[in-house]
Amino acid sequence: MTVYFIGAGPGDPELLTLKAQRLIAACPVCLYAGSLVPEEVVAGAPGSARVMDTAPMTLNDTHAEIKSAHARGEDVARVHSGDPSLYGAIAEQIRRLRADDIPYEVIPGVPAYAAAAAALGQELTVPEIAQSIVLTRVSMKSTSMPPKETLENFARTGATLAIHLGIRNLREIERQLAPHYGSDCPVVVAYRVGWPDQMFIRGTLSDIQAKVRSEKITRTALILVGPVLGEVGDFKDSALYDPAMPHVLRPKAAKKP
């Protein structure tokens, strides 16, 4: 028996990996986070499977279901949104599984920031504009952040920021980021990426809060901040395909005409 922590991606069932589809279709027990994972993602579970929405359940409740499945020798598909390694709350589940000697495996999924970039039709690492992406969040009412992991510290790098769980704190985000990025720095709020009602709101640090408020968005949104999200204009081509730059698979540089 194995517990499979499955990354369901941001919401689009077609973004499930083949392995994720196969396991959901094979496991006699399926526990999924219904507040973030649409029912269509787990629609491929066996007709006889025990399928449960874990949104109203506690950690004790879900672990009790897993222990019962373990006693019956039944595999469990534990389906999470996005990729389980990022804010997936799997660490505390794994700790309990290890304590009870229950085998588990993690199946990666498409993270929201990657799906958002794809939907926007752009690269997030443009040469000499941005070469780093910081995946972070704000505390709000959730678990507190480590003292050095502040938006201001990340902002000092100038990297592109992908901020989770912060849609209700846009004023504070602006206050911390504007001194480093400028108040006119481009911002994209990606709402329910991969769902039928997905929405992308473009703005700047100075006006994004008003735009989000007018759309009445209060949850399930990712905030992307950085110059790469705007009109970057002329930029240097990547060296990856530069004919003048040899590498291991192209050992000889092309001669200049």
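Residues numbered from 1 in each chain as written. Predicted model: local features only at pLDDT ≥ 70, side-chain atom pairs only at ≥ 80, totals over all residues. Heavy atoms only, no water.

Looking at an unreviewed UniProt entry, one finds the protein named Precorrin-4 C(11)-methyltransferase and attributed to Litorivita pollutaquae. The record held by UniProt for the protein lists under Pathway (unreviewed entry) the comment "Cofactor biosynthesis; adenosylcobalamin biosynthesis." The record in UniProt for the protein states the following under Sequence similarities (unreviewed entry): "Belongs to the precorrin methyltransferase family." (UniProt positions renumbered as here; feature names shortened; annotations may be inferred.)

**A short note on the sheet that holds strand E5 (residues 104-107)**
Pairing is parallel in the open sheet, where 5 strands are placed in the order E3-E2-E4-E1-E5. Of all the strands in the sheet, just strand E3 (50-53) and E5 have a single pairing partner and so form its edges. Strand-to-strand, the axes of this sheet are offset by a mean angle of 15 degrees, without reference to chain direction. With 4 bridges joining them, strand E2 (residues 29-32) and strand E4 (residues 76-80) adopt parallel strand pairing. In the strand pairing of E4, Tyr32 is matched with Val79. Of the strands in this sheet, strand E1 (3-7), E4 and E5 are in contact with helix H1 (residues 18-26), which crosses E1 at around 135 degrees. (Pairing = 2+ DSSP bridges. Helix = DSSP H or I, 4+ residues; strand = E, 2+ residues; numbered from the N terminus. Axes fitted to C-alpha atoms, helices over the stretch in contact; angles between N-to-C directions. Contact = heavy atoms within 4.5 Å.)

**Things to note about the packing of aromatic side chains**
Scanning the model with the defined rule gives 1 aromatic pair in all. Look at Phe5 and Tyr104: their rings are 6.3 Å apart centre to centre, the planes differ by 70 degrees, and that puts the pair in the edge-to-face class. Of this pair, Phe5 sits in strand E1 while Tyr104 sits in strand E5, and the two are 99 residues apart along the sequence. The buried category is assigned to Phe5, whose relative accessible area is 0%. Sitting above the plane of the Trp195 ring, Arg192 keeps its charged end 4.0 Å from the centroid. (Phe/Tyr/Trp six-rings, centres within 6.5 Å; stacked < 30°, edge-to-face > 60°. Buried < 20%, exposed > 50% of the residue type's maximum accessible area, 1.4 Å probe, protein only. Lys NZ or Arg CZ within 6 Å of the ring centre and 35° of its normal.)

**Some remarks on helix H3 (residues 91-99)**
Gln93, Ile94 and Leu97 are the residues of H3 that are buried. Looking down the long axis of H3, one finds its buried residues gathered within 95 degrees of arc, a one-sided arrangement. Exposed residues pointing more than 90 degrees away from the buried face of H3 are listed as Ala91, Arg95, Arg98 and Ala99. Buried residues along H3 sit in contact with E1, helix H2 (59-72), E4 and E5. Downstream of H3 by one or two residues, Asp101 has phi in the positive range, about 55 degrees. (Arc of directions from axis to C-beta.)

**Some points on the sheet that holds strand E6 (residues 133-137)**
Spatially, the 5 strands line up as an open sheet ordered E6-E7-E10-E8-E9, and their pairing is mixed. The strands lining the two open edges of the sheet, one partner per strand, are E6 and strand E9 (199-204). Across the sheet, the axes of successive neighbouring strands diverge by a mean angle of 20 degrees, strand direction being ignored. Relative to E9, strand E8 (residues 186-191) runs antiparallel, the two sharing 6 bridges. Considered in E9, the bridge of Pro186 is made with Thr204. Against the sheet, helix H6 (residues 170-181) contacts strand E7 (160-164) and strand E10 (221-225), and its axis sits at roughly 170 degrees relative to E7.

**Considering the packing of H2 against H3**
One way to put it is that H2 packs onto H3 with a least axis distance of 11 Å and a crossing angle of 45 degrees. What the angle tells us is that H2 and H3 run oblique. Helix-helix and strand crossings are classified by hand; for H2 and H3 the assignment is right-handed. Across the interface between the two elements, Leu59, Asn60, His63 and Ile66 from H2 touch Glu92, Gln93, Arg96 and Leu97 from H3. Grouping the constituent residues of the contact of H2 with H3 by class yields 3 nonpolar, 3 polar and 2 charged. (Parallel < 35°, antiparallel > 145°, perpendicular 65-115°, else oblique. Left-handed = near helix turned anticlockwise from the far one by under 90°. Nonpolar A, V, L, I, M, F, W, Y, C, P; charged D, E, K, R; others polar.)

**Considering the side chain of Thr54**
Within the element layout of this structure, Thr54 appears in the loop between E3 and H2. Its relative accessible area of 7% is what places Thr54 among the buried residues. Apart from residues lying up to four places away in sequence, Thr54 is in contact with Leu31, Tyr32, Ala33, Thr62 and Arg78.

**Considering the pattern of salt bridges**
In this structure the tally under the stated criterion is 6 salt bridges. Residue Glu105 pairs with Lys19 through a salt bridge whose shortest N-O separation is 2.9 Å. Here the residue Glu105 occupies a position in strand E5, and Lys19 occupies one in helix H1, the gap between them amounting to 86 residues. You can call Glu105 partly exposed: its relative accessible area is 30%. (Salt bridge = Lys/Arg side-chain N within 4 Å of Asp/Glu carboxyl O.)

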